Amino acid sequence: MNIGIVGAGKVGFSFGRLLAEKGVRISGYYSRNSDSAREAAEFTNSGHYTDLGKLIEDSDAIFITVPDNAITEVYRQVAEFEIQDKYICHCSGACTAEEAFPGIHTQGAYAISIHLLFPISSKYNCWRELAGAFFCVEGDAKAVEVFVPLLRGLGLQVQTISPESKAQYHLSCALASNFVCALVQRSAELLGGCGFSQTDALHALAPLMRSNLAHVIEHGAVSALTGPIERGDTQTVQKHLSCLTERDDRQLYALLGLEQVKMAQEKHPEQDYGTL
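Residues numbered from 1 in each chain as written. Predicted model: local features only at pLDDT ≥ 70, side-chain atom pairs only at ≥ 80, totals over all residues. Heavy atoms only, no water.

Visitor: How should I be thinking about the nonpolar core in this particular structure?
Guide: One recurring pattern in soluble globular proteins is that nonpolar side chains are buried together. In this structure, Ile3, Phe15, Leu19, Phe63, Ile114 and Phe135 are the most contacted members of the largest nonpolar core, which totals 36 residues. Examining the composition of this core, we find that five residues originate from one element, helix H7 (residues 141-153), more than from any other. Counting 22 residues, the second largest nonpolar core, distinct from the first, contains Ile71, Tyr75, Ile83 and Ala97. (Core = buried A, V, L, I, M, F, W, Y, C linked by side-chain atoms within 4.5 Å. Buried < 20%, exposed > 50% of the residue type's maximum accessible area, 1.4 Å probe, protein only. Helix = DSSP H or I, 4+ residues; strand = E, 2+ residues; numbered from the N terminus.)

Laid out in structure tokens, this is it:
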């Protein structure tokens, strides 16, 4: 299996390096920014291509690692060449393989999506942590039958999902990652109102967040739940709400609080949370 990569950003760098380190042959990189493709090729000890057609010719699979809104546009450029019997892959968590590659079956190629369930923030360093991430796969049956054993054979954790569940899958990822960033930002802003600098606020919250996340991972979210709602402390909840003068903030607190009530009821079925 020779894998060619179109796009030399964070995902292309990181996924390519991980695969190369595990013995998968990366034929090389092509990018509209030739310098980035050259750098990615050096980073993965693979080839630097200035001719897209030549990369496709030399590869059994083409991984399109560009931003979501550019995937289909790049695929159409790829599809101008001979791609029969080749595997065409994108790494978006939001769109399905079929959505991203319109008309691919008339070309005799196979569509697949491999989403790395990991926040790739650095194109140089994140590849080291990817081995512990989940790789979520959906697409044509033939492509899935090839890539799931390939990835598992590299010691990676793989989960197949259906195209119908792709949007729900991505929503779940966003809640656990992006939405948490928004909550932390709002929490730090509230500490700012208590006299903390932005830096000190994040440093103060860090042990709390790390410990809580460790308990969630080890014991599950319900078992890890603590705080005034879990204790049924309506008086403290009222004080919290009195600090939130903006309607949006109050709604956010109330909606998340109601989710906590459900969890608390599961954790302590003998306790009455009706007042909350």
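Next, the rest of the story.
Visitor: In this structure, what is going on with H7? I would like to understand it.
Guide: Because an α-helix packs 3.6 residues into every turn, residues spaced three or four apart end up facing the same way. For H7, which comprises 13 residues, the first-to-last C-alpha distance of 18 Å matches the rise-based estimate of 18 Å (1.5 Å per residue) to within 8%. Ala143, Val144, Phe147, Val148 and Leu151 are the residues of H7 that are buried. What you see down the axis of H7 is that its buried residues fit within an arc of 115°, all on one side. Of the exposed residues in H7, the ones pointing more than 90 degrees away from its buried face are Glu145 and Gly153. (Expected span 1.5 Å × (residues − 1). Arc of directions from axis to C-beta.)

Visitor: Would you explain unusual backbone geometry in this entry?
Guide: As a rule of thumb, non-glycine residues mostly have phi less than zero, and peptide bonds are mostly trans rather than cis. Its identity as a non-glycine residue notwithstanding, Asn45 has a phi of 55°, on the positive side. Within the fold, Asn45 resides in the loop between helix H2 (34-44) and strand S3 (47-48).

Visitor: Sorry, what's going on with the packing of helix H8 (residues 166-176) against helix H9 (residues 178-192) here?
Guide: Think of two packed helices as two axes; the pair is described by the angle between the axes and how far apart they sit. Interhelical geometry of H8 versus H9 gives an angle of 25° and a closest axis separation of 3 Å. Classified by the interaxial angle, the pair formed by H8 and H9 is roughly parallel. Residue-level contacts link Cys173, Ala174, Leu175 and Ala176 of H8 to Asn178, Phe179 and Val180 of H9. Here the contact of H8 with H9 is built from residues that sort into six nonpolar, one polar and no charged. (Axes fitted to C-alpha atoms, helices over the stretch in contact; angles between N-to-C directions. Parallel < 35°, antiparallel > 145°, perpendicular 65-115°, else oblique. Contact = heavy atoms within 4.5 Å. Nonpolar A, V, L, I, M, F, W, Y, C, P; charged D, E, K, R; others polar.)

Visitor: Honestly, the pairing of strand S8 (residues 157-160) in this entry has me stumped. Any pointers?
Guide: Each regular strand carries side chains that alternate between the two faces of the sheet. The sheet contact formed by strand S7 (residues 134-139) and S8 spans four bridges and is parallel. From the neighbouring strand, Val137 faces S8, where its bridge partner is Thr160. (Pairing = 2+ DSSP bridges.)

Visitor: It is not clear to me how the packing of helix H1 (residues 10-21) against H2 should be interpreted in this structure. Could you clarify?
Guide: Running from N to C, H1 and H2 cross one another at 25°; their axes reach a closest spacing of 9 Å. In terms of their interaxial angle, H1 and H2 are classed as roughly parallel. The crossing of H1 and H2 is right-handed. Together, Phe13, Gly16, Arg17 and Ala20 of H1 and Ser36, Glu39, Ala40, Phe43 and Thr44 of H2 make up the contact between the two elements. Among the residues forming the contact of H1 with H2, the class breakdown is four nonpolar, three polar and two charged. (Left-handed = near helix turned anticlockwise from the far one by under 90°.)

Visitor: What am I meant to see in the packing of aromatic side chains here?
Guide: The description of an aromatic ring pair rests on the distance of the ring centres and on the angle between the ring planes. Under the counting rule described, the total for this entry stands at nine aromatic pairs. Measuring from centroid to centroid gives 5.6 Å for Phe15 and Phe135, while their planes differ by 35°, and the two rings are tilted. One end of the pair, Phe15, is in helix H1; the other, Phe135, is in strand S7, with 120 residues separating them in the sequence. Residues Phe15 and Phe135 agree in their burial class; the two are buried. Centre to centre, the rings of Phe43 and Tyr124 are 6.0 Å apart; their planes meet at 85°, and the pair counts as edge-to-face. Of this pair, Phe43 sits in helix H2 while Tyr124 sits in the loop between strand S6 (110-117) and helix H6 (127-130), and the two are 81 residues apart along the sequence. What links up through ring pairs into an aromatic cluster is the set Phe15, Phe63, Tyr87, Tyr110, Phe135 and Phe147. One cation-aromatic arrangement involves Lys123 over Phe13; the distance from NZ or CZ to the ring centre is 4.6 Å. (Phe/Tyr/Trp six-rings, centres within 6.5 Å; stacked < 30°, edge-to-face > 60°. Lys NZ or Arg CZ within 6 Å of the ring centre and 35° of its normal.)

Visitor: What exactly am I supposed to notice about the sheet that holds S3 here?
Guide: Two modes of strand pairing occur in sheets, parallel and antiparallel, and in both the strands are linked by backbone hydrogen bonds. With respect to topology, eight strands assemble into an open sheet ordered S3-S2-S1-S4-S5-S6-S7-S8, the strand pairing being mixed. The two strands at the open ends of the sheet, each matched to only one other strand, are S3 and S8.

Any functional reading would require information that these geometric values do not contain.
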